[in-house]
Amino acid sequence: MFAPKPPLRSVGTDPDYRFTLANERTFLAWLRTGLALLAGAVALASLVHDFGPRPLRIVITALLLALSLTVTIGGYMRWDRTERALREKRSLPTDPMPRIIVSGIGIIIVAAAVLVYLAEF
């Protein structure tokens, strides 16, 4: 179905190490974002039992978990695509991750605002 990619070290030539390290730092930032979303999901699911309607809390928790998984896997895929482009001296690929995370967090913010509103009334 999918052709396996060749090992990263066998692609192109070694880029300037500063670019590789910058790419790695960006990857680690995506991982931290994924972990923060996971922490929010765990906190919402286990620490605030009487805050708003339970079904809405479950929906927000599921959205946080899904976004956490998407950001974590997407961060790795982004790192791999960028590293291969650096090694092959190609332009950096476009990345959907910023749009995905902004959209996902926007939806979670709206749902959380509804949750806060319903918890107050």
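You'll find the structure just up there.
To start, this report covers the structure provided alongside it. Quick caveat, the model's predicted, so the values are computed rather than measured. For every chain, the first residue of its written sequence is number 1, and the numbers climb from 1 along that sequence. This being a predicted model, a pLDDT of at least 70 is required before a residue's local features are given, and a value of 80 or more before pairs of side-chain atoms are given or counted; all residues contribute to the totals for chains, interfaces and linings. For side-chain calculations, the full set of non-hydrogen atoms in the structure is used, while hydrogens and water are omitted.

Describing the pattern of salt bridges
- Whenever a carboxyl oxygen of Asp or Glu lies within 4 Å of a side-chain nitrogen of Lys or Arg, that contact is scored as a salt bridge. The tally for this structure, following the rule as stated, stands at seven salt bridges.
- For Lys5, the salt bridge identified is with Asp80, shortest N-O distance 3.0 Å. A residue pair is termed long-range when its members are at least 10 positions apart, and Lys5 in the segment before α1 (17-46) and Asp80 in helix α2 (residues 54-87) qualify at 75 residues.
- Note on classification: 1.4 Å probe, protein chains only; a residue is buried when its accessible area is under 20% of the maximum for its type, exposed when over 50%, partly exposed between these limits. Using a relative accessible area of 53% as the deciding quantity, one classes Lys5 as exposed.
- Asp80 sits in the buried class, given a relative accessible area of 7%.
- Note that Arg18 is salt-bridged to Asp16, the shortest N-O span being 2.4 Å.
- Take Asp16: its relative accessible area is 26%, and that puts it in the partly exposed class.
- Several salt bridges converge on common partners, so that one network encompasses Lys5, Asp80 and Arg84. For helices the rule is a DSSP run of H or I covering at least 4 residues; for strands it is a run of E covering at least 2, with both sets numbered from the N terminus onward.

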